[in-house]
Amino acid sequence: MRVLGISGSLRRNSYNTALLRHAGDLFEAEGAEFEIYHGLRDIPAYDEDYDTEEAPEAVSRIREAVRDADAVFFVTPEYNSSIPGALKNALDWISRPFATNPLRYKPVAVIGASSGMFGAIWAQAELRKVLGAIGARVTEGEVAVGQAGERFDENDRLNEPNIEAEVHDVIATLLADAQPAEPSQSPANVVTS
């Protein structure tokens, strides 16, 4: 199982990127292959004039990374009660063309952290809405890491077991949602003696 992790923050010492790295360890402990996407800042502003078969290289890279993943795990901060612009811009590129975009029918999950009390809950809700509109299969579950500066130790690891358990629950749900469906046994497949 291949999971792509995307942080909506570009900041070098981002709490959200620290949370994503911590989640990556939890994914790997569950046997999943986890990769963090690092090219968000390279993606140009969405411009339909350039959204052709020869899309900008940074756009082709993120589309391919999403396409190659079995699931995508988003971690987002909250800017002005919504999604960071760089993340929304990347999703605008990924979502085209709508009928065949790499997020369509892909299992995704969203969690977030912020320095405020509410843990980016509005941004998470907005991101889930956008992902649903794109056609992704948005997994149930929410983790809001409020006052994030107090929630990580000196090694950028979550220092609260209850929050880690919440993250693990979302991870387990996403991995279950990303499992291929078992073929059902129809009467034609049943062997009788």
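Above this text sits the structure in question.
The notes below deal with the structure included here. Source: prediction; values computed, not measured.

**Quick word on the packing of aromatic side chains**
Part 1 of the reasoning: Here the structure, examined in full by the defined rule, presents four aromatic pairs.
Part 2 of the reasoning: With a centroid separation of 6.1 Å and an interplanar angle of 10°, the aromatic rings of Y15 and F152 are classed as stacked. Placement of Y15 in helix α1 (residues 15-29) and of F152 in the loop between β6 (144-145) and α5 (161-178) is noted, with a sequence separation of 137 residues between them.
Part 3 of the reasoning: Ring geometry for Y46 against W93: centres 4.8 Å apart, planes inclined by 70°, an arrangement best described as edge-to-face. Here Y46 is found in the loop between β2 (33-36) and α2 (57-68), whereas its partner W93 is found in helix α3 (residues 85-94), with 47 residues between them in sequence.

**A closer look at the pattern of salt bridges**
Part 1 of the reasoning: Applying the stated criterion across every chain, the model contains 10 salt bridges.
Part 2 of the reasoning: When the shortest N-O distance is used, the salt bridge between R157 and D25 registers 2.4 Å. Here R157, found in the loop between β6 and α5, pairs with D25, found in helix α1; they are 132 residues apart in sequence, far enough to count as distant.
Part 3 of the reasoning: Classification of R157 by relative accessible area gives partly exposed; the value is 28%.
Part 4 of the reasoning: Of the charged contacts, one joins K88 and D92 as a salt bridge, the two residues approaching to 2.7 Å between their closest N and O atoms. One end of the pair is K88 and the other is D92, both in helix α3 and four residues apart, which spans about a single turn.
Part 5 of the reasoning: Judged by relative accessible area, K88 falls into the partly exposed class, the value being 30%.
Part 6 of the reasoning: Look at the salt bridges and you will find they share partners, linking D42, E57 and R61 into a network.

**Re the pairing of strand β3 (residues 71-76)**
Part 1 of the reasoning: Among the six residues that make up β3, six are buried, leaving the element largely enclosed by the rest of the structure.
Part 2 of the reasoning: Residues of β3 alternate between two faces, with A71, F73 and V75 on one and V72, F74 and T76 on the opposite face, all of them buried.
Part 3 of the reasoning: Since β3 and strand β4 (residues 107-113) lie parallel, the crossover through α3 that links them has a hand, and here it is right-handed.

**Here's the deal with the side chain of R151**
Part 1 of the reasoning: Tracing the chain through its elements places R151 in the loop between β6 and α5.
Part 2 of the reasoning: There is a polar contact of 3.4 Å between the side chain of R151 and the side chain of Q147.
Part 3 of the reasoning: Here R151 is in contact with V145, G146, R157, L158, N159, E160 and I163, once residues within four sequence places are set aside.

About the criteria used
Every chain is numbered independently, its residues counted from 1 as its sequence is written. A pLDDT threshold of at least 70 governs which residues receive local features in this predicted model, and a stricter bar of 80 or more applies before side-chain atom pairs are shown or counted, although totals over entire chains, interfaces and linings include all residues. Only hydrogens and water are removed before side-chain values are computed, so all heavy atoms of the structure are retained for them. Working definition: rings of Phe, Tyr and Trp (its six-membered ring) pair if their centres are within 6.5 Å, and the pair is stacked with planes under 30 degrees apart, edge-to-face with planes over 60 apart, and tilted otherwise. Helix and strand labels come from DSSP, where a helix needs a run of H or I of at least four residues and a strand needs a run of E of at least two; each type is numbered from the N terminus. Just to be clear on terms, a salt bridge is a Lys or Arg side-chain nitrogen sitting within 4 Å of an Asp or Glu carboxyl oxygen. With a 1.4 Å probe rolled over the protein chains alone, any residue whose accessible area is under 20% of its type maximum counts as buried; one over 50% counts as exposed, and the rest are partly exposed. Crossover handedness is defined by viewing with both strands directed away from the observer: a clockwise path from the first strand over the helix to the second marks the crossover as right-handed. Distance and chemistry together define a polar contact, namely a pair of N or O atoms within 3.5 Å, with one atom able to donate a hydrogen and the other to accept it when in protein, and with adjacent residues in sequence counting only for side-chain atoms on both sides. Whether two residues are in contact is decided by their heavy atoms, any of which lying within 4.5 Å being enough.

Just geometry here; none of it tells us what the structure is for.
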